[in-house]
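Below are the chains, spelled out letter by letter.
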Amino acid sequence: MSSAPAGDAASVPLLARTVPIADPGDLLDLLPRPDVATTASWVRRGDGLVGWGVAARVETSGATRMIDADAWWRRTAAAMVVRDAVGVPGTGPVAFGSFAFSRRSQAGGTLVVPRVVVGRREGRSWLTVVGPAGLGPTPSLAHSRGDVVPVTAPGEVTFADGALTSAQWEEAVAEVVAAIRAGTVEKVVMARDVVARTSADVDVRHLLRNLADQYPTCWTFAVDALVGATPELLVRRDQGLVACRVLAGTIQRTGDDAADLRHAAELARSSKDLAEHELAVQSVAEALGPYCSSFNVPDSPFVLHLPNVMHLASDVTGVVDRQTSPSSLALAAALHPTAAVGGTPTPRAVEVLAESERMDRGRYAGPVGWMGADGDGEWGIALRSGEVTGPRSVRLFAGCGIVAASDPAAEVRESEAKLTPMRSALTT
Ligand SMILES: C=C(O[C@H]1C=CC=C(C(=O)O)[C@@H]1O)C(=O)O
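Residues numbered from 1 in each chain as written. Predicted model: local features only at pLDDT ≥ 70, side-chain atom pairs only at ≥ 80, totals over all residues.

Undergrad: Can you tell me about the site of the ligand, naming the residues and giving the values?
TA: Every one of the 17 residues lining the ligand counts as a neighbour, but Leu247, Thr250, Leu383, Gly399 and Gly401 are closest to it. Counting only elements with at least two residues in the shell around the ligand, the list comes to β12 (187-198), β16 (241-252) and β24 (393-402). In terms of residue class, the shell around the ligand is made up of 9 nonpolar, 5 polar and 3 charged. (Near = placed C-beta within 6 Å. Helix = DSSP H or I, 4+ residues; strand = E, 2+ residues; numbered from the N terminus. Nonpolar A, V, L, I, M, F, W, Y, C, P; charged D, E, K, R; others polar.)

This is the structure:
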């Protein structure tokens, strides 16, 4: 684990000051600079948090990457001087994080405490500034933004195969279907990657703007060079309540509303998709059970409509157990990987996907989100996302739940539909 600059040995304590501000307009429009490494976002339907600059950060790795980050945050937040004049979830010091899908991945995990965070929740807006403790003027948004660099588009974009061509990936899916039919595993989520190259440098704000405009019901995120708009909430802990939005089972949109409504009804009745969905819901319920004093699992899923696809969705809710009181990140660690991104049974499915995909997923399909000093926070699953791997390159990912009834060619089409958000964020 490595941390900077407010690590354990920091001599000057950090001061986090939160002040109420007038409605600042669109949060994403406030981001002052194009740098992906120092820009943070977690925005849905205009509410959420954006941040920039780095007051403190930690890098973790291995099987304990989330638990180590959680412990670091507890120590770091406890050592901070906090002056919070707003006092709602998301005010005071906040850490944004993203974590690798696999404990074996080089990508490990990161928590970043931005220097500046602007938030909005249900009509209230605030500004938090984190820096070395000392007397200073009341934080102001204009001062905190500094010199604003205009947003730029990435120019010409070309897409190339990642680890596998789509034909090779289709073959790999067929082999996994055969393994499932032979009974060695029940469900495996198979992912693929595509590499985008741009003719101009990637400005993370351009991607965030397009994602938020096109997918307003998703959580538009940027943390440590990982960018996306996910429809799936791994876990939210908010004042003692826990919520998860579980997705599994997908059908593509056609653009014809009447046909899409018919397809939505078919999806809600499809035994293949309902079975796939049930495995995902069960995995969440089993992982959450020990941490909740009570929880509710809906009897049947609803159909979530997105511009590119429709999903079977279930909102699982609960009351967090007061005795253990795990933080939102500890809950994310307990839940990850759900059957919606790993498979069933999870340990075997994760082995199969690691062999079959022929790539390191990096932080795709890992937990991404934010957490406050009290442990409340929101962690999504980093789907419909890409990792900015260089000034002009982005690695895009998409995956599909494979069960015995899956058709490999249809899964290739589904993966293309799931790549659409990031492709069009780059090219629009
Ligand atoms: C793994 C992904 O989607 C998951 C989430 C929703 C529906 C899924 C499905 O129907 O296959 C996947 O389990 C992805 O978008 O990369």
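Let's pick the thread back up.
Undergrad: Help me get a handle on the confidence of the model for the chain, residues and values and all.
TA: Put simply, the chain has an average pLDDT of 95, and 98% of its residues get 70 or more. This model gives residues 6-10 a pLDDT under 50, and the stretch forms 6 contacts once residues within four places in sequence are excluded. In the predicted complex, the global pTM is 0.95; the interface-specific ipTM is 0.98. (pLDDT = per-residue confidence, 0-100. Contact = placed C-beta atoms within 7 Å.)

Undergrad: Account for the UniProt feature "domain: Chorismate-utilising enzyme C-terminal" (unreviewed entry) in the chain, with residues named and values stated.
TA: With numbering aligned to this structure, UniProt lists the feature "domain: Chorismate-utilising enzyme C-terminal" (unreviewed entry) at residues 167-418. Note that residues 167-418 is 35% helix and 36% strand, and that its end C-alpha atoms are spaced 17 Å apart. (UniProt positions renumbered as here; feature names shortened; annotations may be inferred.)

Undergrad: Tell me about the pairing of strand β15 (residues 233-238), and name the residues and values.
TA: β15 sits mainly inside the fold: 5 of its 6 residues count as buried. As paired strands, β15 and β16 are joined by 4 bridges and run antiparallel to one another. For Leu233, the partnering residue across the bridge sits in β16 and is Arg245. Bridge count between β15 and strand β22 (residues 377-381): 4 bridges; the pairing is antiparallel. Each bridged residue has a counterpart across the sheet, and for Val235 the counterpart in β22 is Trp379. (Buried ≥ 20, exposed ≤ 12 C-beta atoms within 10 Å, placed from the backbone. Pairing = 2+ DSSP bridges.)

Undergrad: Could you give an account of the packing of helix α1 (residues 65-79) against helix α7 (residues 328-335), with specific residues and numbers?
TA: Axis angle and axis distance: for two packed helices, these are the angle between their axes and the distance between the axes, and together they describe the pair. Running from N to C, α1 and α7 cross one another at 175°; their axes reach a closest spacing of 9 Å. One way to sum up the angle between α1 and α7 is to call them roughly antiparallel. From α1, Met66, Ile67, Ala69 and Asp70 reach across to α7, where they touch Leu329, Ala330, Ala332 and Ala333. Within the contact of α1 with α7, the residues separate by chemical class into 7 nonpolar, no polar and 1 charged. (Axes fitted to C-alpha atoms, helices over the stretch in contact; angles between N-to-C directions. Parallel < 35°, antiparallel > 145°, perpendicular 65-115°, else oblique.)

Undergrad: Account for unusual backbone geometry, with residues named and values stated.
TA: A cis geometry characterises the amide bond from His336 onward to Pro337, with omega recorded as -10°. As for its placement among the helices and strands, Pro337 is situated in the loop between α7 and β20 (343-344). For the bond running from Thr344 to Pro345, omega is -15°, close enough to zero to count as cis. In this fold, Pro345 is placed in the loop between β20 and α8 (346-357). The backbone of Glu122 shows a phi angle near 45°, a positive value even though the residue is not glycine. Exposure remark for Glu122: the 6 C-beta atoms within 10 Å place this residue in the exposed category. Unlike most non-glycine residues, Asp224 shows phi in positive territory, near 50°. Its place among the elements puts Asp224 in the loop between β13 (219-223) and β14 (226-230). Residue Asp224 is classed as buried on the basis of its C-beta count, with 26 C-beta atoms lying within 10 Å.

Undergrad: Give me α8: which residues, what numbers.
TA: In this model α8 runs 16 Å from its N-terminal to its C-terminal C-alpha over 12 residues, within 8% of the 16 Å that 1.5 Å per residue would give. Turning to α8, its buried residues are Thr346, Ala349, Val350, Val352, Leu353, Ser356 and Glu357. For α8, the angular spread of the buried residues around the axis is 165°, confining them to a single face. Summarising the geometry of α8, the exposed residues directed more than 90 degrees from the buried face are Pro347 and Glu355. On its buried face, α8 sits against α3 (166-181), β12, α6 (271-288) and β20. (Expected span 1.5 Å × (residues − 1). Arc of directions from axis to C-beta.)

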